[in-house]
Amino acid sequence: MAETQYQKPLPAISSLNKPFWDALKNRELRLQKCDKCGLIWYPPAPLCPDCWARKFTWVQLSGRGRVNSWVVFHQSYFKGFDDELPYNVAEVELDEGPRLLTNLVDIPNDQIRAGLRVEITFEDVTSDITLAKFRPIEIRRS
Amino acid sequence: MANFDLKDRAAIVGVGNSLFGRRLMRSPIDLACDAIVNALDDAGLTKRQLDGLIVSFGSPIGADADTLAQVLGLELRTYNQTWAHGRFTASCIQWAAMLVNAGLANAVACLAAVSFSGLRRPMMGGSGDREGAREAGGGHGEDPVYGMTSPGAGAALVARRYFERYGCGNRELAAVPIAFRKHASKNPAAIMRDVFDVDDYQRSRFVCEPLHLLDYCLINDGASCVIVTTSERARDCRKAPVYISGMQGLPAGRDEFIWAYPGLGVAQQRSFDYQAGLQPVYQMAGITPHDVDGLFTYDAFSILVWIALERWGFCKPGEAASFTQEGRIELGGELPMNTNGGLLSEGHIMGWNHQVEIVRQLRGECGERQIQQAEIIQWANAYGDSLIYHR
């Protein structure tokens with residue numbers, strides 16, 4: 001089946017961030033964790049930003065966190081987003097600490113709140129690239 | 001204690017602007033020449049006495065320093081330029097103060113020039129914005145993959161975080177652009193001079209929510225220049241010197257985010273209760289925030305004014321929302337701010353128009369918008385750098 005042309009900006013894959021994007025492709029959220037001091041950080045770096053240890057592991061994270069802040073774009077800057085205005089961009093604080101920018105799905109923009117619990121959902125946008133989006137964690141009714 | 005004490009050792013002796021406008025259809029170099037010529041004339045200096053140049057917001061968007069030296073036939077002993085980001089105003093003036101005191105230059109012109117004529121989306125967000133797509137994220141928190149783009153979006157993220165953390169909103173924030181527009185209405189050089197009220201503000205469209213159009217600075221054409229020399233040489237110039245008595249550099253690191261002070265908890269900042277303490281710039285100048293007669297800040301977005309007030313200790317975290325009400329930051333108020341109208345209403349000359357206004361205030365040249373008995377004025381920013389000037 002022919003792939004429809006994806007109109008939005010795609011990530012620039014670098015020597016530093018390739019493992020991050022490779023993991024998303026495999027439906028995993030992975031960030032670097034320092035083998036020495038245990039810090040988990042973002043964005044990717046060639047060494048631990050705290051202790052400068054060169055040894056780290058790309059550990060799999062829970063994919064859960066909470067909304068720290070968010071914005072809603074009412075003006076389009078990229079053609080690929082024209083049809084989605086107004087669209088949200090949220091900053092999600094992962095349970096492990098680092099914050100990621102993302103789009104929240106399965107929630108109207110006016111329902112977004114600080115502290116909202118969210119979990120990752122993977123969106124394949126091209127044959128090579130999978131994005132990390134987040135959606136509210138459903139609270140089970142007792 | 002520094003073994004090279006710069007307190008009161010450098011001064012601004014000349015200031016100059018070009019015309020400011022939205023469709024001047026003149027290039028950055030063209031406008032920069034006007035600002036430099038006006039500033040030298042203001043100082044009573046000749047072209048030959050100018051041997052240093054620092055261009056802020058230089059190539060590839062603003063005026064290029066090499067080209068300026070060529071076009072003006074300057075004979076420079078030293079020059080430099082910062083890349084096309086707006087926030088290096090204090091840094092450039094600090095470098096100039098060091099250069100003249102180190103004997104590497106006699107007089108240094110510091111300036112910025114921009115021309116966005118006819119460009120609808122001038123490289124501030126969107127596909128033409130290479131800085132917003134740089135490795136590991138743009139300088140204002142951009143992440144184009146998720147549609148996060150433009151400097152204002154980073155400010156909107158800070159505004160939302162601030163609103164949520166401290167329980168306030170647009171209704172309080174409106175006081176900032178309203179105050180600066182009132183100031184602009186008294187400034188014939190300002191681009192936007194029609195006053196508005198909180199209802200007009202609330203009715204203006206969202207650009208990146210929670211920020212309205214009236215929370216955003218202008219995108220325009222213009223140039224502003226200041227001439228820095230040693231305090232000793234300054235005394236021989238045409239007008240009374242404005243001395244630089246305190247300086248604080250531009251910080252960077254994981255606890256810094258361009259539009260927030262440490263602890264606010266945006267991007268990768270830790271979240272904690274920020275305490276301003278007495279910042280080094282005050283210690284160098286030998287004053288406290290209470291001694292400041294006027295405060296100027298980089299108001300690209302109205303929320304930055306709240307952030308700056310708290311960062312420098314004019315009020316505690318969370319208090320700027322109430323501090324900025326009831327005319328406190330307006331002319332005649334307790335702490336007049338951005339009396340030129342700021343980037344929000346006079347024009348966006350990368351903060352250089354603010355330096356020109358500060359000098360004119362300290363000389364008593366501001367007419368209808370003069371701060372009475374202004375002796376000490378501070379330039380202090382959300383992103384953590386500062387200058388303290390006195391007459």
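## Structural notes on the pattern of salt bridges
Here is step 1 of the chain: Tallied over the entire structure, the rule returns 28 salt bridges over all chains.
Here is step 2 of the chain: As a salt-bridge pair, Arg66(A) and Glu93(A) come within 3.6 Å of each other at their nearest N and O atoms. Of this pair, Arg66(A) sits in strand S4 (residues 64-73) while Glu93(A) is found in strand S5 (residues 87-94), placing the two residues 27 residues apart along the sequence.
Here is step 3 of the chain: In the salt-bridge network here, residues are joined through shared partners; they are Asp42(B), Lys239(B), Arg363(B) and Glu365(B).

## Notes on the sheet that holds strand S2 (residues 40-41) of chain A
Residues and elements named next belong to chain A.
Here is step 1 of the chain: Read across the sheet, 3 strands follow the order S2-S1-S3 without closing on themselves; strand pairing throughout is antiparallel. A strand with exactly one partner marks an edge of an open sheet, and here the two such strands are S2 and strand S3 (56-60).
Here is step 2 of the chain: As paired strands, strand S1 (residues 30-34) and S3 are joined by 5 bridges and run antiparallel to one another. Across the sheet, Leu 31 pairs through a bridge with Val 59, a residue of S3.

## Details of the sheet that holds strand S7 (residues 221-230) of chain B
Residues and elements named next belong to chain B.
Here is step 1 of the chain: Here 9 strands make up an open sheet; going across it, the order is S3-S2-S4-S7-S1-S8-S11-S10-S9 and the pairing mixed. At either end of the open sheet lies a strand with only one pairing partner, and these are strand S3 (78-81) and strand S9 (294-296). If you compare each strand with its neighbour and ignore which way they point, the axes differ by 25° on average.
Here is step 2 of the chain: For strand S10 (residues 376-380) and strand S11 (residues 386-390), the ladder comprises 5 bridges, and the chain directions are antiparallel.

## Observations concerning a nonpolar patch on the surface
Here is step 1 of the chain: A cluster of nonpolar residues, Phe4(B), Trp95(B) and Met98(B), forms a patch on the protein surface that exposes about 270 Å² of accessible area.
Here is step 2 of the chain: Looking at the element boundaries, Trp95(B) is found in helix H3 (residues 89-101).

## Concerning the domain arrangement of chain A
Many analyses report the size of an interface as the accessible area lost when the parts associate.
All names here are of chain A.
Here is step 1 of the chain: Domain parsing of chain A yields domain 1 (15-61) and domain 2 (62-142).
Here is step 2 of the chain: One C-alpha centre belongs to domain 1, the other to domain 2, and the line joining them spans 21 Å.
Here is step 3 of the chain: Domain 1 puts 12 residues into the contact, and the matching count from domain 2 is 17 residues.
Here is step 4 of the chain: Both faces combined, the contact of domain 1 with domain 2 buries some 1,200 Å², and carbon together with sulfur accounts for 70% of it.
Here is step 5 of the chain: Of all residues in domain 1, the largest losses of buried area upon contact with domain 2 belong to Lys 25, Arg 27 and Leu 61, amounting jointly to 44% of the total for that side.
Here is step 6 of the chain: On inspection of domain 1 and its partner domain 2, the count reaches 1 salt bridge.
Here is step 7 of the chain: The salt bridge involving Arg 27 is made with Asp 124; its shortest N-O contact spans 3.0 Å.
Here is step 8 of the chain: Here domain 1 and domain 2 share 3 residue pairs in polar contact (both at pLDDT 80 or more) between them.

## Some words on the nonpolar core
Residues and elements named next belong to chain B.
Here is step 1 of the chain: Counting 117 residues, the largest nonpolar core has Tyr 162, Trp 259, Ile 303, Trp 306, Leu 309 and Tyr 389 as the members making the most contacts within it.
Here is step 2 of the chain: Looking at this core element by element, the count peaks at 8 residues for helix H4 (residues 151-166).
Here is step 3 of the chain: Filtering out sequence-adjacent residues up to four positions away, Tyr 389 remains in contact with Ile 12, Ile 93, Val 242, Tyr 243, Ile 244, Gln 355, Ile 358, Leu 362, Glu 375, Ile 376, Ile 377 and Trp 379.
Here is step 4 of the chain: In terms of nonpolar packing, the next biggest core, distinct from the first, is built from 30 residues, Leu 53, Leu 74, Leu 111 and Tyr 243 among them.

## Description of H4(B)
Because each turn of an α-helix spans 3.6 residues, side chains separated by three or four positions in sequence point in the same direction.
All names here are of chain B.
Here is step 1 of the chain: Here H4 is 16 residues long and its end C-alpha atoms lie 23 Å apart, about the 22 Å a rise of 1.5 Å per residue gives.
Here is step 2 of the chain: Of all 16 residues making up H4, 13 are buried, and the element is well covered by its neighbours.
Here is step 3 of the chain: Downstream of H4 by a residue or two, Gly 167 has a phi angle that is positive, lying close to 65°.

## Some words on the interface of chain A and chain B
Here is step 1 of the chain: In this assembly, 34 residues from chain A lie in contact with 34 residues from chain B.
Here is step 2 of the chain: For chain A, the biggest contributors to the area lost against chain B are Tyr77(A), Arg99(A) and Leu101(A); these three give 22% of the whole.
Here is step 3 of the chain: Taken together, the links from chain A to chain B amount to 0 salt bridges.
Here is step 4 of the chain: On inspection of chain A and its partner chain B, the count reaches 17 residue pairs in polar contact (both at pLDDT 80 or more).
Here is step 5 of the chain: Those elements giving two or more residues to the side of chain A that touches chain B turn out to be S4, S5, strand S6 (99-102) and strand S8 (130-136) of chain A.
Here is step 6 of the chain: Classifying every residue of the side of chain A that touches chain B by side-chain character gives 23 nonpolar, 8 polar and 3 charged.
Here is step 7 of the chain: Of the pairings in the sheet, the one linking S4(A) to strand S5 (residues 206-209) of chain B comprises 2 bridges and is antiparallel in character. In the sheet register, Val72(A) faces S5(B), and the bridge partner there is Glu209(B).

Calculation criteria
Residues numbered from 1 in each chain as written. Chains lettered and ligands numbered in written order. Predicted model: local features only at pLDDT ≥ 70, side-chain atom pairs only at ≥ 80, totals over all residues. Heavy atoms only, no water. Salt bridge = Lys/Arg side-chain N within 4 Å of Asp/Glu carboxyl O. Helix = DSSP H or I, 4+ residues; strand = E, 2+ residues; numbered from the N terminus. Pairing = 2+ DSSP bridges. Axes fitted to C-alpha atoms, helices over the stretch in contact; angles between N-to-C directions. Patch = residues over 30% accessible without salt bridge, like charges linked within 9 Å, V, L, I, M, F, W, Y side chains within 5 Å. Areas by Shrake-Rupley, 256 points an atom, 1.4 Å probe, with all protein chains shown as cover. Domains from an automatic or database assignment. Contact = heavy atoms within 4.5 Å. Buried area = accessible area lost by both parts, 1.4 Å probe. Polar contact = N/O pair within 3.5 Å; in protein donor to acceptor, adjacent residues only side chain to side chain. Core = buried A, V, L, I, M, F, W, Y, C linked by side-chain atoms within 4.5 Å. Buried < 20%, exposed > 50% of the residue type's maximum accessible area, 1.4 Å probe, protein only. Expected span 1.5 Å × (residues − 1). Nonpolar A, V, L, I, M, F, W, Y, C, P; charged D, E, K, R; others polar.

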